[in-house]
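# Analysis of the macromolecular model
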Amino acid sequence: MMELLTHNMAPIMFAGLIIFLLMGFPVAFSLGACGLFFGFVGVGLGMLPEALLQALPLRLFGIMQNDTLLAIPFFTLMGLILERSGMAEDLLETIGQLFGPVRGGLAFAVIFVGALLAATTGVVAASVISMGLISLPIMLRYGYDRRIASGVIAASGTLAQIIPPSLVLIILADQLGRSVGDMYKGAFIPGFALTAMYVGFVVVVAIFRPAMVPALPIEARTIREDNGKSGLMSLLILTIVSTGIAVYFGEHYAEVYSWFKGEKVDTVATDETIVVAMCSGVTLAFVIAVINKVTRLGLLSRMAERVTFVLIPPLLLIFLVLGTIFLGIATPTEGGAMGAMGATIMALARGRLSMKLLKQALNTTTKLASFVVFILVGSTIFSLVFQGVDGQKWVEHLLTGLPGGQIGFLIVVNLLIFFLAFFLDFFELSFIVVPLLAPVAEKLGVDLIWFGVLLGVNMQTSFMHPPFGFALFYLRSVAPAKEYPDRVTGKTIAPVTTMQIYWGAVPFVLIQIIMVTLIIFFPGIVSSGLDKEVKVDLNQVQMQMEADSQAPGLDAPAAPQEGASAPAGADSNADDNDPMKAMQDSMDKDSAKK
């Protein structure tokens, strides 16, 4: 019995953790308790040295010294201030009016705003709840199918999982030992590709089932000119002008940068050019709108002015945060700090920053940060003991023996994550499962940045799984459970049932699974957004050093004459072509002359 226990401690320990979790204990305490219990058992059986547990305080202090984790409270605070200062409400109302005349326009607005909130908040709960409170009653009012409406809101809210500055990407980068900035760059294209797939689904529904996603009636389009026109032509002209300026600035950015630096610069990094060009374009549009507002020239329509003032400030905040991270100007922690300060300034400028709002945002941020740290402490205790009983080797033997090599490993891992996501959220998956998978993936030659983005997209489904998806729970908490009279039309609106929310989520879960498949079979979706790895050929470096040592001005040692004997005290087998020896001899001669 004792021999069976000692030879199978790792799987028994993992099964013990599953039992703890199924019994309903909090994840952080389940991890810590399981780790300590099996740690004491291992010491008692002589499997583990007592010194192993003495390393635990050092690892806990390492958590406190981890600067990367500071980005989590900063980005959370930024998102909560923006969401509670009314930015989401203004965005949904304005973009809803902009797309209103189109079938499915409200759904397009929700997806667009969901992507924008994801790039500014990084918090799924805030996005789903705010869009559920604001847009769901409007969609129900104008006859949207309840399944489509609930599915679009839940799916758009989960974009905060994968679009930077996502919290899960920060956690995955920390657990995989990779740069958060690289993880953000890798997730950029998949995040917006997923957004485009959501839009494509709504387009298909609008074409084949137009009654499910009707356009806004004329009386609901409130942002109009005095003559009754929509004012979209003015917005189109402003968009063309700002886009043209951005493109022109991007093409001549090297010249501008040369003038700024005071020296000739031939090329500038592509990502830097894109970020600066986009900033110039949206800044120009904002300046035009401000001048038009102050001078009352009437150059812009109400729609163009409203879209500019509502849309551009969060876009500039995104460029400030993500742009500085992508360009290497700021670390993710510094970018998060700038974002939190920028969100506070935006709320103050809009006259919506109050002490009550600030206290609520700080309180929620503190709770989330404490939640993350406690899970990380528990997972550290568990992983320390798990490694002590050779758990990593057990997992490695289990997964490297799968048929199919890399592809077989990736398929099994994604199925495992998909299944576990029914019961665990992304924090728990990141802290429990990812540290076990990372060494195996690296041994199989899988790029860990690509692997992290793949897992991030897969974990996004954890928010959408019926019946345990957290995004579905968030939406259920704000969706009408009973009939209610609509305050605008006076009609009685039927409730949204739980099954309608579940069925609405199914198409979007399938879209996310398709995205996971595309990333596996087309890895360029992730790797194309990363900086190219610079490989150094050590042989070339050595050849260059040898060439430099023989350059004019250096006294190379003379080749010995045939039949001549080596100098006294010298090793006759010494390599006369040694560049380091040549340089040293030259320096000795120079010092002797002096």
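Okay, so let's go over this structure. (Residues numbered from 1 in each chain as written. Predicted model: local features only at pLDDT ≥ 70, side-chain atom pairs only at ≥ 80, totals over all residues. Heavy atoms only, no water.)

Glancing now at the overall build of the protein. For the protein, the count of helices and strands is 28 helices and two strands. Within the protein, buried positions represent 47% of all 594 residues. Looking at the protein alone, contacts between residues at least 24 apart form 77% of all its contacts between residues at least 6 apart. Carbon and sulfur atoms form 65% of the exposed surface of the protein, whose accessible area is close to 29400 Å². (Helix = DSSP H or I, 4+ residues; strand = E, 2+ residues; numbered from the N terminus. Buried < 20%, exposed > 50% of the residue type's maximum accessible area, 1.4 Å probe, protein only. Contact = heavy atoms within 4.5 Å. Areas by Shrake-Rupley, 256 points an atom, 1.4 Å probe, with all protein chains shown as cover.)

Relative to each other, helix 9 (residues 124-141) and helix 10 (residues 146-157) sit at 155°, their axes nearing to 8 Å. The pairing of helix 9 with helix 10 is recorded here as roughly antiparallel in orientation. Viewed along their axes, helix 9 and helix 10 form a crossing whose handedness is right-handed. Between helix 9, through Val 124, Ser 127, Val 128, Met 131, Gly 132, Ser 135, Leu 136, Met 139 and Leu 140, and helix 10, the contact on the second element is made entirely by Arg 146, Ala 149, Ile 153, Ala 154, Ser 156 and Gly 157. Of the residues contributing to the contact of helix 9 with helix 10, the split by class is nine nonpolar, five polar and one charged. (Axes fitted to C-alpha atoms, helices over the stretch in contact; angles between N-to-C directions. Parallel < 35°, antiparallel > 145°, perpendicular 65-115°, else oblique. Left-handed = near helix turned anticlockwise from the far one by under 90°. Nonpolar A, V, L, I, M, F, W, Y, C, P; charged D, E, K, R; others polar.)

A few words on the packing of aromatic side chains. Using the criterion set out here, one finds nine aromatic pairs in the structure. Between Phe 286 and Phe 309, the aromatic rings sit 5.7 Å apart at their centres with planes inclined by 85°, giving edge-to-face as the arrangement. With a gap of 23 residues between them, Phe 286 in helix 15 (residues 270-295) and Phe 309 in helix 16 (residues 302-326) connect regions that are remote in the sequence. Classification of Phe 286 as partly exposed rests on a relative accessible area of 27%. For Phe 309, a relative accessible area of 26% corresponds to the partly exposed category. With a centroid separation of 5.5 Å and an interplanar angle of 15°, the aromatic rings of Phe 382 and Phe 386 are classed as stacked. Of this pair, Phe 382 and Phe 386 are both found in helix 18 (residues 355-388), four residues apart, which corresponds to roughly one turn of the helix. The same class applies to Phe 382 as to Phe 386, namely buried. Pairwise contacts between aromatic rings join Tyr 198, Phe 201 and Phe 508 into one cluster. (Phe/Tyr/Trp six-rings, centres within 6.5 Å; stacked < 30°, edge-to-face > 60°.)

The interhelical angle for the contact between helix 12 (residues 180-208) and helix 23 (residues 448-460), taken along N-to-C directions, is 35°, at an axis separation of 9 Å. Viewed along their axes, helix 12 and helix 23 form a crossing whose handedness is right-handed. The segment helix 12 lies against helix 23, with Asp 182, Met 183, Gly 186, Ala 187, Pro 190, Leu 194 and Tyr 198 engaging Leu 448, Ile 449, Gly 452, Val 453 and Gln 460.

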